[in-house]
Amino acid sequence: SFTNDVNGVSSPVPPLSAVNKHKPWIETSYHGVITENMDTVLLDPPLVALDKDAPKLYVTTDKYGEICAFKIYGQDAPFEAVVLNRTSGEGVLRASSPVDCESQKEYTFIIQAYDCGAGPGGADWKKSHKAVVHIQVNDVNEFSPVFREPLYKASLTEGKIYDSILQVEAWDQDCSPQYSQICNYEIVTAGTPFAIDRNGNIRNTERLSFEKQQSYQITVTAFDCGQKRAKKDAAVHIDVKPVCKPGWQGWNKRVDYEPGTGSRPLFPKMRLETCEGPLSGVKVLVELQTSHIGKGCDRETYSEKSLQKLCGAASGSTDLLPAPSPSANWTASLLSDSGRDNDLIYRFAGRQAANVPDHVVPQNLTDQFTVATWMKHGPSPGLRAEKETILCNSDKTEMNRHHYSLYVHNCRLVFLLRRDFIQVDAFRPAEFHWKLEQICDKEWHYYVINVEFPAVTLFVDGVTYEPYLVTDDWPIHTSKIDTQLTVGACWQGGEVTPPRFTQYFRGSLSGLTIRPGRIETQKVISCLQACKEGLDINSLESLFHFNPAQSVLVVEGEDVDSVNTAMTKVSYINSRQFPTPGLRRLRITTSVQCFGEDSCLSIPDMKAVVMVLQPSEPRITITGSNRLVRPAGDLRAPLGVAPFKELHITSTIMKGDSFSGRESGIMETMHNLDYCDVLVIGEELNPRKESLELRHSALLGKHLDATNSTSGISIYGVDSISHYEQALRQVRYRNWRPASLSERRFRLTCSELNGRYTSNEFNIEVSLLHQSAPVEHVNHMAANPQYMRPVHHPLMIHTFNSHMSEAAPPAATVVIVVCIAALVVIVVIGVYRIHATHQEETRDDDDEAKEPEEDWDNSALSITVNPMEALSKVVKEGRTEEEEEDEEQVGGMSSAESDYSDDEVEEEDRMEVKERNREGKLEWDSSSMKY
């Protein structure tokens, strides 16, 4: 029906009621796309709902035909649908919360459309069918690539080209293939011989050398397909390994050894590379080669006598090869080599020999004696080698019998001992043969032959060897023919003309001695030949085996690891305080055993050196008083005077501290001396009137001994500096006729290591009190009462009056008075100096009265004396000297004992009396006095 409006226009009139007949309609499915971190969804097709219940134009209050809402059904779907136009049914789908592609890439849910229903309240609404909505989340390139490892390590063998040494890998958190995939890798480090592909495989572009470079450090980065670079690059460490060669690795060719540091490890990081070969056993031989050092190794280089004293050897040995000297001149013609450490060595080239003087040869060889020597010998030239005699005792003339000898023949050591015929004329052991490698190995060895007849034992380097062959011979019938002891050959005194040497020795000898009546113990022998350097270990494991000299070490093990551990404990040690500097060679020989029939590995020999550095050399300094002035009574006393009473010996070395940067300084050190010589300067001691003595008691409790002669005293033995000081301070000089003594000078020198380090030359002068130097002149006229002699004033007055007349002018008188006053002042000064110097010396007046003239310096004085008084004094003095010469020395060693009879002494005394009578009257010449 229609009605008219107020304007008169007619319009339809709706019915009184309407019905919502139809439900909304939407598409059955939708596909949408949303970009992460955005809220708008692009749907295909668009979201539109249609309803057939079209609204009536004349009824404005009805809602049917309009779309009021879209509802979404699905778990946790972060979306919402919004109606944009109810009439047209258009809507939009948007995110209700942030959408993250990395969390969820796609969403599927259900959507329905609702109309507005009928009536004012929207009742009786209808909903559409369910439509499926599928939403895809688009990715944003928000993440950078990340490497799975911050550091990659690999190794390769030198000389090979690899397709892939290692592979690096990066990943990206983005969700899309475009941004989550790694499209490219790149090496950041420039100039490296490596390349990388898009899959992260690293290869070398050239053949690498271990000697050129042992390792490489490179940096790698990655890019995703959106060309976003990794924020943090990856480091790649590539080691270059040498071609596997079996052998020792991780060792140094040179090891420096500082003296005094004890045991020094030689191979702390060494290991054996076997290239993973199956092994059943390893044997390593470590050899320390010291043949070029001294006599085969670093030994103590003290003299033979000092070494024997140090090792506790029995006394009484005879040195057949001493250093040439006036008392031992038979070695002067031999070729000697003192060596770097003053180690006396004699070389024999097949034409040198020496006859030992008869007074040196031991004459009392019994069934027990010892022959010892150092020997270095090689193979003899020629096809048929001759005998090479070391020591030979043969007939001097007429015959050519060898009584005993030591010789080498075809690298065999032979000792011949033919005893004299005693009772039974029968065969007895005569020749003892030893066949040893040491005899011809051109190395130094210490040989000791202990004779306990009929048994003879050989020691070589402290090891005992029994003879492999003993031959018998007839005894030698006794005769009156003298024998000749020869070194380096054998003397042929009979059956040839002229007599000559034969069977010359070719090699080197040192320290050849004979000790009659005693044999050496093995302990002493080991001490005499002991090396002070060698290999050492810091373990008690059973893997190690040493030779006696500790120059060869054997290490055996069943597996490589145990041998490697054992080798790290091998050390070098040198116990000498002042070792011989220089190189010591090391040689390591390795043999490997394999399982079954497999061929074993060949391990090359290893060579290294130990460099013993130069030790801080000591400086031995002798200090003390250089002049000793004593009155005649002291010199004539039974004990004489002690020239070295104020002696001091010090030893210092230069020490630097390189670690703290401080400068070098002098440091006093304690070590031993091996001899001190007191030598007489000028004429030798006169046995008639003077001697240099050392009591035997001064050496008790010390490793010291002494020899004495008119040339001086030699104290020897390896002992401390303090013991040498004590002994030297007890050396006494005595002169029982000091009247003729002008001065006696001595020189003292001390040594360490047989002259390797020597002290300064300390000189001292012993003189009578009146022989003092001018600056210390003594005037006995003003001496203390115990030293004063009677002065006859009338004689002095007479002397003055003879030079003065009663008519002397006053000026002359004044001059004389002034001179006398000056003389008195000088005398008082002299008295004071005498008292300060000799206040500890007290003697009786009788000692001064025995020889009053000796206290006067008559070189510049003229004195009138009573000849009869002088005669009585001289006679009394002669008797005193005879009594002193007849007295026995008090437990000492005298360098000169009187060999003259009493008649000779009396004759000499009479000659002294005549001389003094001839001097008669002396004048006082005050003009030549010096103070």
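Summarised in this report is the structure supplied together with it. Within each chain, residue numbers correspond to sequence positions counted from 1 in written order. Local features are withheld for residues below a pLDDT of 70 in this predicted model, meaning they are given only at 70 or higher, and side-chain atom pairs are given and counted only at 80 or more; totals for whole chains, interfaces and linings count all residues. Side-chain descriptors were evaluated using all non-hydrogen atoms of the structure, hydrogens and water having been removed beforehand.

**Overview of the packing of helix H2 (residues 304-311) against helix H3 (residues 522-529)**
Convention followed: Lines fitted to C-alpha atoms define the axes here, with helix axes fitted over just the stretch in contact, and angles between the N-to-C directions of these axes take values from 0 to 180 degrees. Secondary structure follows DSSP: runs of H or I at least 4 residues long count as helices, runs of E at least 2 residues long count as strands, and numbering of each begins at the N terminus. Each angle gets one of four labels, with under 35 degrees taken as roughly parallel, over 145 as roughly antiparallel, 65 to 115 as roughly perpendicular, and the rest as oblique. Crossing handedness: left-handed means the near helix sits turned counterclockwise from the far one by under a right angle, and right-handed means the same turn made clockwise. Any two residues having at least one pair of non-hydrogen atoms within 4.5 Å are treated as being in contact. Residues were grouped as follows: Ala, Val, Leu, Ile, Met, Phe, Trp, Tyr, Cys and Pro as nonpolar; Asp, Glu, Lys and Arg as charged; and all remaining residues, including Gly, as polar.
Direction vectors running N to C along H2 and H3 enclose 135°, while the axes themselves pass 9 Å from each other. The angle between H2 and H3 places the two elements in the oblique class. The two elements H2 and H3 meet at a crossing, and its hand is right-handed. Along its contact with H2, which presents Leu307, Gln308 and Cys311, the element H3 presents Val524, Cys527 and Leu528. The residue inventory of the contact of H2 with H3, partitioned by class, reads 5 nonpolar, 1 polar and no charged.

**What about the packing of aromatic side chains?**
Let me state the cut-off plainly: Geometry of aromatic contacts follows a simple scheme: Phe, Tyr and Trp rings, the Trp one being its six-membered ring, pair when their centres are within 6.5 Å, and the pair is stacked under 30 degrees between planes, edge-to-face over 60, tilted otherwise. Relative accessible area decides the class of each residue, using a 1.4 Å probe on protein chains only: under 20% of the type maximum gives buried, over 50% gives exposed, and in between gives partly exposed. Our definition puts a charge over a ring when NZ of Lys or CZ of Arg is within 6 Å of the ring centre and also within 35 degrees of the ring normal.
According to the stated counting rule, one finds 15 aromatic pairs in the structure shown. With 6.0 Å between their ring centres and 70° between their planes, Phe348 and Phe505 make a pair best called edge-to-face. Within this pair, whereas Phe348 is found in strand S26 (residues 345-349), its partner Phe505 is found in the loop between strand S39 (500-502) and strand S40 (506-516), the two being separated by 157 residues in sequence. Of the two residues, Phe348 and Phe505, neither departs from the other in class, the shared state being buried. Between Trp374 and Tyr446, the ring centres sit 4.8 Å apart and the planes meet at 40°, which makes this aromatic pair tilted. In this pair, Trp374 is assigned in strand S28 (residues 368-376) and Tyr446 in strand S33 (residues 444-452), connecting sequence segments 72 residues apart. Among the aromatic side chains, those forming a connected cluster through ring pairs are Phe79, Tyr107 and Phe109. Its end group placed over the ring of Tyr114, Lys71 keeps NZ or CZ at 4.7 Å from the ring centre.

**Thoughts on unusual backbone geometry**
Here the bond from Asp44 into Pro45 is cis, since omega is 0°, no more than 30 degrees from zero. Mapped onto the elements, Pro45 comes out in the loop between strand S4 (42-44) and strand S5 (67-73). Look at the link from Phe453 to Pro454: it is a cis peptide, with omega at 10°. The topology assignment puts Pro454 in the loop between S33 and strand S34 (455-460).

**Let's talk about the sheet that holds S4**
Quick reminder of the rule: Paired strands, as defined in this entry, are two strands with at least two bridges between them according to DSSP.
With respect to topology, 5 strands assemble into an open sheet ordered S4-S3-S9-S8-S5, the strand pairing being mixed. Each edge of the sheet is formed by a strand with only one pairing partner; in this case those strands are S4 and S5. Looking at each pair of strands side by side, their axes are set apart by 30° on average, direction ignored. As defined by bridge partners, strand S3 (residues 29-35) adjoins S4 across 3 bridges and the pair is classed as antiparallel. Bridged to Val33 within S4 is Leu42.

**Looking at the nonpolar core**
To be explicit about the condition: By nonpolar core is meant a set of buried Ala, Val, Leu, Ile, Met, Phe, Trp, Tyr and Cys residues that side-chain atoms within 4.5 Å join together. Domain delimitation follows an automatic or database domain assignment.
Residues Phe644, Ile649, Ile715, Leu728, Tyr733, Phe746 and Leu748 are the most contacted members of the largest nonpolar core, which totals 54 residues. Per-domain counts for this core show at least three residues from each of domain 4 (304-529) and domain 5 (618-655 + 666-768). In this view, Leu728 contacts Phe644, Leu647, Ile649, Cys676, Val678, Ile715, Leu748 and Cys750; residues no more than four positions away in its chain are not counted. The next biggest cluster of nonpolar side chains, apart from the first, holds 40 residues, and it includes Ile439, Val456, Val460 and Val487.

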